[in-house]
Amino acid sequence: MWKEISVLIRKEITLEWRQKYALNGILLYVVSAVFITYLSVGAKSGVLSVPTWNAIYWIIILFSSVNAVAKSFVQEHQGRQLYYYMIASPEAIILSKIIYNTGLTLILALLGYGVFSVILGNPVQDQGLFLLNLVLGAVGFSASLTMVSGIASKAGNNATLMAILSFPVIIPILLMAIRISKNALDGLDWSVSADKLLSLLAINAIVGATGYILFPYLWRS
């Protein structure tokens, strides 16, 4: 199965490289959102508070992730899905998409962090905790949005359905990530965030396991 996963991940990278407009559009969205924030919420005059910096950062990363992951199954037309059905297991398909989307979301998060640091300043005092939180957040966003994208694709790629289904899953991940980031911004000891890190890791594990178990039934339909 791991050979199937590696081949499918290479396929995803090849398609993304051919359709550069999709990735370029998302990158432009991240940079534009940060620059608009710089001009509109008082950052230009240096009055942007740390909690506001934290909240705006995660909101931008969330919408960037939605735009990036939403096309996971949208770009796969029915003939190509039938071809995948014959050559690969559904477990390999869902895992490959989650791994690829995690990498893509993490790249967007790191890019957003870099742009934020350059334009809005970098108030993060504990870089290690902040980056670990980015990784866990990227995994959570990708796992939940990938599964929801698969469900929405079976309903005619209904964007409204994807937004409704992903909301209950994304909100706990987002709130937990914001709280951990706030601790990293304040430079608090890792022990203060240990329970939140474990909770975020548990949410990611539950979402990933649920997608792994349920996706084969969805794929057969």
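Residues numbered from 1 in each chain as written. Predicted model: local features only at pLDDT ≥ 70, side-chain atom pairs only at ≥ 80, totals over all residues. Heavy atoms only, no water.

Per an unreviewed UniProt entry, the protein chain carries the name Heme exporter protein CcmB and comes from Algoriphagus jejuensis. The UniProt entry for the protein chain carries the following text under Sequence similarities (unreviewed entry): "Belongs to the CcmB/CycW/HelB family." Looking at the protein chain in UniProt, the text filed under Subcellular location (unreviewed entry) is "Membrane". (UniProt positions renumbered as here; feature names shortened; annotations may be inferred.)

Q: Kindly report on the UniProt feature "transmembrane region" (unreviewed entry) in the protein chain, identifying the contributing residues and their values.
A: UniProt tags residues 21-43, 55-74, 94-116, 128-152, 159-178 and 198-219 as "transmembrane region" (unreviewed entry). Counted over residues 198-219, helix gives 100% and strand 0%. Its end C-alpha atoms are 31 Å apart. (Helix = DSSP H or I, 4+ residues; strand = E, 2+ residues; numbered from the N terminus.)

Q: Please provide a residue-by-residue account of the packing of helix 1 (residues 2-18) against helix 5 (residues 90-119), values included.
A: Orientation of helix 1 relative to helix 5, taken along the N-to-C sense of each, is 50°, at an axis distance of 9 Å. Relative to helix 5, the element helix 1 lies oblique. Pair helix 1 / helix 5 crosses with right-handed handedness. Residues Glu4, Ile5, Leu8, Ile9, Lys11, Glu12, Ile13 and Glu16 of helix 1 form the contact with helix 5, whose own contacting residues are Ala92, Ile93, Leu95, Ser96, Lys97, Ile99, Tyr100 and Leu104. For the contact of helix 1 with helix 5, the per-class residue count stands at 10 nonpolar, 1 polar and 5 charged. (Axes fitted to C-alpha atoms, helices over the stretch in contact; angles between N-to-C directions. Parallel < 35°, antiparallel > 145°, perpendicular 65-115°, else oblique. Left-handed = near helix turned anticlockwise from the far one by under 90°. Contact = heavy atoms within 4.5 Å. Nonpolar A, V, L, I, M, F, W, Y, C, P; charged D, E, K, R; others polar.)

Q: So what's going on with the pattern of salt bridges? Residues and values would help.
A: Throughout the structure, instances matching the rule amount to 1 salt bridge. Between Lys182 and Asp186 there is a salt bridge, with the nearest N and O atoms lying 2.5 Å from each other. Here Lys182 pairs with Asp186, and both are found in helix 7 (residues 159-186), just 4 residues apart, close to one helical turn. For Asp186, a relative accessible area of 33% translates into the label partly exposed. (Salt bridge = Lys/Arg side-chain N within 4 Å of Asp/Glu carboxyl O. Buried < 20%, exposed > 50% of the residue type's maximum accessible area, 1.4 Å probe, protein only.)

Q: Explain the nonpolar core residue by residue, including any values.
A: Membership of the largest hydrophobic core comes to 35 residues, with the highest contact counts inside it found for Trp53, Tyr57, Trp58, Phe116, Phe130 and Phe141. Those elements that place two or more of their residues in this core are helix 2 (20-40), helix 3 (50-69), helix 5, helix 6 (127-153), helix 7 and helix 8 (190-220). Ranked by residues supplied to this core, first place goes to helix 7 with 9 residues. Leaving out residues up to four positions away in the same chain, Trp58 has contacts with Asn133, Leu134, Phe141, Leu174, Ala177, Ile178 and Ser181. If you look at the next biggest cluster of nonpolar residues, it comprises 16 residues, including Ala88, Ile98, Val207 and Phe215. (Core = buried A, V, L, I, M, F, W, Y, C linked by side-chain atoms within 4.5 Å.)

Q: If you had to explain the side chain of Asn133 to someone new, which residues and values would you point to?
A: Here Asn133 shows up in helix 6. According to the relative accessible area criterion, Asn133 is buried, its value standing at 0%. Polar side-chain contacts of Asn133 include one of 2.8 Å to the backbone oxygen of Ala177. In this structure the side chain of Asn133 is engaged in a polar contact, spanning 2.7 Å, whose partner is the side chain of Ser181. Not counting the four nearest positions on each side in its chain, Asn133 is found in contact with Trp58, Ala177, Ile180, Ser181 and Leu200. (Polar contact = N/O pair within 3.5 Å; in protein donor to acceptor, adjacent residues only side chain to side chain.)

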